[in-house]
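A closer look at the structure
So you can see what is in the structure, the chains are spelled out below.
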Amino acid sequence: MYRSALSAITSKSRRPLRSPFFSPFRAETPIISSVSPYPGPESRLPIPSNRFSSFRDPPSRASFAPSICFPDWSPGLRRRVVSRTRGLCGGSGDRESLEYDVVIVGAGPAGLSAAIRLKQMCLERNADLSVCVLEKGPEVGAHIISGNVFEPRALDELIPQWRHEGAPIEVPVSSDKFWLLTENHSLQLPSPFDNKGNYVISLSQLVRWMAMKAEEVGVEIYPGFAASEILYDENHRVIGVATNDMGVAKDGSKRETFQRGVELKGRVTLLAEGCRGSLSEKMIRAHKLREKVQGQHQTYALGIKEVWEIEEGKHKPGSVLHTVGWPLDMKTYGGSFLYHMSNRQIAIGLVIALNYHNPYLNPYDEFQKFKHHPAIKPLLMGGTVLEYGARTLNEGGFQSIPYSVVPGGAIIGCSAGFLDVPKIKGTHTAMKSGMLAGEAAFRTLVEGATMETYWDNLKKSWIWEDLKRARNYRPAFKYGLIPGLAFSALERYVFRGRLPLTLKHGKPDHEATDIASLHAPIQYPKPDGQISFDVPTSLYRSNTNHEHDQPAHLHLRDSTVPELVNLPLYAGPESRYCPARVYEYTPDENHRLKLHINAQNCLHCKACDIKDPRQNIKWTVPEGGGGPGYTIM
């Protein structure tokens, strides 16, 4: 029975901890309070307890409820509980503190790979290092979404026997097609993706399996707790992170369930938050990490995805399709994907680069329109949508990689931006970067090396080689779809990544938005409830949920900008680029339009943090355990 718990720390009794992450395959009697799901005044931390029988049997909507757990010591882990330590870098003096050798933020492919590789080295060298992984989602995998054709290269290195250890990687690619769409037709083009030997998977299922493998080697995983602050010592060296306070009301007062945040201190801290990680972005700016390597700004895209169950006769396991063109215009970079998974399931989605110009463009409605294409709609007819979600992804590639090491820590995975754009893959590169960081952390703590080893080995790895070879594909599309396709063909088939020049990206995504007067409003068809759906219906399928009575995690740097700038100049683009309808302009009592923020709808996609024309929206972590509840994404 899968369970997860971060043990409560009380001010009167120092309760030691044992490994908080339990195998989804191991039936155990939960040590969980059977009374109230909310902690009493003696407890420091609420515990989101989410149970399901395996990574293939995900939790129901009702299982996302907090509980309290008081586990015992895990033998052999060097860690101590420190009472009322002095807060660092803004930390409050009454926060409790846990100390580890390595603290990792994010239980995704990069974070879990780092944890597993480090503990593997501990076993190989008979060393004893404590490793903790902090995850803001209510469940490992709950915030993981990817339209994933998985390249197993990194997993082959990390867990060579994965094929015999129950990994949820079972559907090899059987066909690989690439279409150019017009409104009513499709033209087949040579596929540039080379997916032979790859697999169609659910990434949220894969990371749950990886979490089980991490637990087997002694990693501690704490789902349901959001790292909101980087901790520094007096020499500005990173020494860990702090979780945010829980039980704070909208007005800032303390609810009955209030729990003070906890400091998790590590000799090495690794940030594996995924694309546009809030702490990672702070670190990149504070330490000027892009400037250190003359890196360009990062560019992004927004991916919107559904998982469907379709009719048996239409299902072709392993079939892979990518498209470009319609419904997007010739100047907007993006495309669709359609992957046949197992169990009559398909993953279908649309990815749109966030440097699009037209402020009237609505990515959600473009995706709904795409599903009505004559080549796509027949496949979906008679089917059922199982899940919906959205997430931004890095597209800057080689040019945008920041220097990824700071004193006391490193940035790994999509937080640093290792996605291979022409392959449309980032899981294998994220995993490899995590493995390299785990090895560097071990050598730093055991052999006296430094974390710069991570950067040095990164540049010697196949990640660097692959991204450098692919560096010119994405920026070529700033000239439009047809020039981009032509250049990409030359780069792939003639120059093979050896062109002696590096193209630069265009404007940052938020600066690319034109003023509304340059464009006509786009009229989208109404959803039919069978193929296309309204936002509330899709949100229900995402299982997203936040505690309503908490401070908004979406902050306006200047509250006047929406009404004085965004609405008159850009026609209120935040009401369209958000795929969860978080931002709405509604009339006040004087019939003037005012921006209303529905923070509880948030899918944690980070589009608003990227695309707002004046960079006026700041995304911060909400209470741990909030957000989407993905199970098969």
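Relevant structure appears above.
The text that follows walks through the structure, step by step, so that each part is easy to find. (Residues numbered from 1 in each chain as written. Predicted model: local features only at pLDDT ≥ 70, side-chain atom pairs only at ≥ 80, totals over all residues. Heavy atoms only, no water.)

1. Considerations on helix α8 (residues 427-446)
We count it as follows: Helix and strand definitions follow DSSP, with helices as H or I runs of at least four residues and strands as E runs of at least two, each counted in order from the N terminus. Here a helix's expected span is defined as the number of its residues, less one, multiplied by 1.5 Å. Note on classification: 1.4 Å probe, protein chains only; a residue is buried when its accessible area is under 20% of the maximum for its type, exposed when over 50%, partly exposed between these limits.
Helix length check: α8 (20 residues) gives 28 Å between terminal C-alpha atoms against 28 Å at 1.5 Å per residue, within 8%. A large share of α8 lies buried, amounting to 18 of its 20 residues. Just beyond α8, the residue with positive phi is Gly448, at close to 80 degrees.

2. Some words on unusual backbone geometry
Cis geometry marks the peptide bond from Trp326 to Pro327; its omega dihedral reads 10 degrees. Inspection of the secondary structure puts Pro327 in the loop between β20 (319-325) and β21 (334-340). Located in the positive-phi region is Ala571, a residue other than glycine, with phi close to 60 degrees. Following the sequence through the fold, Ala571 ends up in the loop between α14 (561-570) and α15 (574-577). A positive phi angle is found at Lys606, which is not glycine, with a value near 80 degrees. Relative to the assigned elements, Lys606 resides in the loop between β28 (593-597) and α16 (607-611).

3. Comments concerning the environment of Pro407
Note the cut-off: Between two residues, a contact is recorded if the distance between any of their heavy atoms is within 4.5 Å.
Relative to the assigned elements, Pro407 resides in the loop between β24 (405-406) and β25 (409-411). Take Pro407: its relative accessible area is 42%, and that puts it in the partly exposed class. Considering only alpha carbons, one finds Pro407 and Glu452, 45 residues apart in sequence, at a separation of 9.0 Å. Setting aside residues no more than four positions away along its own chain, Pro407 makes contact with Arg237, Val238 and His287.

4. Observations concerning the pattern of salt bridges
Between side chains of opposite charge, a pair can form when the charged atoms approach closely. The criterion, for reference: What makes a salt bridge here is a side-chain nitrogen of Lys or Arg within 4 Å of a carboxyl oxygen of Asp or Glu, nothing more.
In the structure shown here, the tally under the stated rule is 26 salt bridges. Salt bridges here are not isolated pairs; linked through shared partners, they connect Glu151, Arg153, Lys423, Glu465, Asp466 and Arg469.

No statement about biological role is implied by the geometric values presented.
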